[in-house]
Amino acid sequence: PAIAKEAVISSKPIIIAHRGASGERPEHTLAAYQRAIDQGADFIEPDLVMTKDGQLVARHENDISGTTDVATRKEFADRKRKKRIDGVDYKGWFTEDFTLAELKTLRAKERLPLLRRGNSKFDGQYDVPTLREIITLAKEASAKTGRTIGIYPETKHPSYFASIGLPMEALLVAELKAAGWDRADAPVFIQSFEVNNLKALKQLTQVPLIQLMAAEGGPADKAQPSYEAMATPEGLKAIATYAAGIGPQKDMVVANDGTVTALVADAHAAGLKVHPWTFRAENYFLPSGLRRGINPAGHGDMAAEIARFLDAGVDGLFTDYPYLGVEARNRH
Ligand code: G3P
Ligand code: CA
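Residues numbered from 1 in each chain as written. Chains lettered and ligands numbered in written order. Predicted model: local features only at pLDDT ≥ 70, side-chain atom pairs only at ≥ 80, totals over all residues. Heavy atoms only, no water.

Visitor: Sorry, what's going on with the sheet that holds strand 13 (residues 316-319) here?
Guide: Hydrogen bonding along the main chain pairs the strands of a sheet, whether they run parallel or antiparallel. Strand order in this open sheet of four strands is 7-2-1-13, and the pairing throughout is parallel. Looking along the sheet, the strands with just one partner apiece sit at the ends: strand 7 (150-151) and strand 13. With four bridges connecting them, strand 1 (residues 14-18) and strand 13 associate as parallel partners. Within strand 13, the position partnered with Ile-14 by the bridge is Gly-316. Along the sheet, helix 12 (residues 322-331) contacts strand 1 and strand 13; its crossing angle with strand 1, the most-contacted strand, is approximately 170°. (Pairing = 2+ DSSP bridges. Helix = DSSP H or I, 4+ residues; strand = E, 2+ residues; numbered from the N terminus. Contact = heavy atoms within 4.5 Å. Axes fitted to C-alpha atoms, helices over the stretch in contact; angles between N-to-C directions.)

Dropping the structure here:
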């Protein structure tokens, strides 16, 4: 199945559009995904959360205060809640308190400054998309372009959603099945920070799974291995029993001082792919035309850094600027 998948997608490193082309369009909108497709991205990344009526929709977090206009909507003023989720306190509006129909009345918005480049006239749809709509977009774009455009969904807070009666795993697999994509060779990867979520998915689907890990902090579930432990050769062998790859925070692959760590070699030795995240504006001096100076102590030019990661042997990467990733990959 792994060989079949390579044949379907690409033998080159894959470029994953992080929340769509989210450096240029509001994240997790069909417009952001379409922009990414137009730029040659291989995969579009929806982060997934649940609605009150059990639908999977794309938002980076279930608190939609910062990524929609919900705070301005008088009819939803009384839906504001305080919640503790995975050990963090939130105050805002949450997807699980809205039906899909209600969510669809909101306008999505971007929380970061957006790059105005080329066709800077914002276009397309700015509502909260469902997973089903995203799959349809990817399939239609694949048919139209002759390229294979896949999806790379991340389950956000799956244990929390299960705890409030909205489990994600079976629903996600059912959506993939309905699309004919519940297969090892479909252009799909499923990613999660939660080990138990991935292990549950492993029982339900042959779609390759990706274990996410962060450079700092630890998993919300203290029973699962620390990310540091996951990144050791032994930890990687354990991950290989249920996942096809890892999604490390990029500093775990190439450190800030430019040192290439052992992670790619160790992961490859365990049979795992490596897809680091995220090449996005906050961390960089940016190429001409991008917003500069957000973090002057950052890594320097983003395209050059992407090239360093390709040199380090990564199998793909997440970026808010898929055009930069595609250009770097094609030059590599
Ligand atoms: O999924 C890889 C990367 O997207 C994880 O970070 O917070 O952007 O979902 P986040
Ligand atoms: Ca993500």
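Back to the text.
Visitor: In this structure, what is going on with the side chain of Glu-194? I would like to understand it.
Guide: Its place among the elements puts Glu-194 in the loop between strand 9 (190-192) and helix 7 (195-204). Buried within the structure, Glu-194 lacks any salt-bridge partner; Lys-156 is the closest side chain of opposite charge, at an N-O distance of 9.8 Å. The contacts of Glu-194, once residues within four sequence positions are left out, are Asp-86, His-157, Pro-158, Ser-159, Gln-211 and Gln-224. (Buried < 20%, exposed > 50% of the residue type's maximum accessible area, 1.4 Å probe, protein only. Lys, Arg positive; Asp, Glu negative; His and termini not counted. Salt bridge = Lys/Arg side-chain N within 4 Å of Asp/Glu carboxyl O.)

Visitor: Honestly, the coordination of the calcium ion (ligand 2) in this entry has me stumped. Any pointers?
Guide: Geometry reference: four tetrahedral donors at a metal, ideal angle 109.5 degrees. Six octahedral donors, ideal angles 90 or 180 degrees. Taken together, Glu-45 (OE), Asp-47 (OD) and Glu-154 (OE) make up the protein donors of the calcium ion (ligand 2), found 2.1 to 2.4 Å from the metal. The coordination sphere of the calcium ion (ligand 2) comprises six donor atoms, whose angles at the metal cover 57 to 160°; the geometry is irregular. Motif for the calcium ion (ligand 2), donor spacing along one chain: E-x1-D-x106-E. Note on accessibility: Glu-45 and Asp-47 belong to one class, buried. (Donors = N, O, S within 2.8 Å, 3.2 Å for Na, K, Ca; no water. Tetrahedral: all angles 85-135°; square planar, octahedral: opposite > 155°, others 65-115°.)

Visitor: I'm lost on the nonpolar core in this one. Help?
Guide: The tendency in soluble globular proteins is for nonpolar side chains to be buried as a group. One finds Ile-44, Ile-151, Leu-176, Trp-181, Ile-239 and Ile-246 to be the most contacted residues of the largest nonpolar core, which totals 94 residues. Broken down by element, this core gets its largest block of residues, six residues, from helix 4 (residues 131-145). Not counting residues within four places of it along the chain, the set of residues in contact with Trp-181 comprises Ile-135, Ala-138, Lys-139, Ile-149, Ile-151, Leu-176, Ala-186, Pro-187, Val-188 and Val-207. (Core = buried A, V, L, I, M, F, W, Y, C linked by side-chain atoms within 4.5 Å.)

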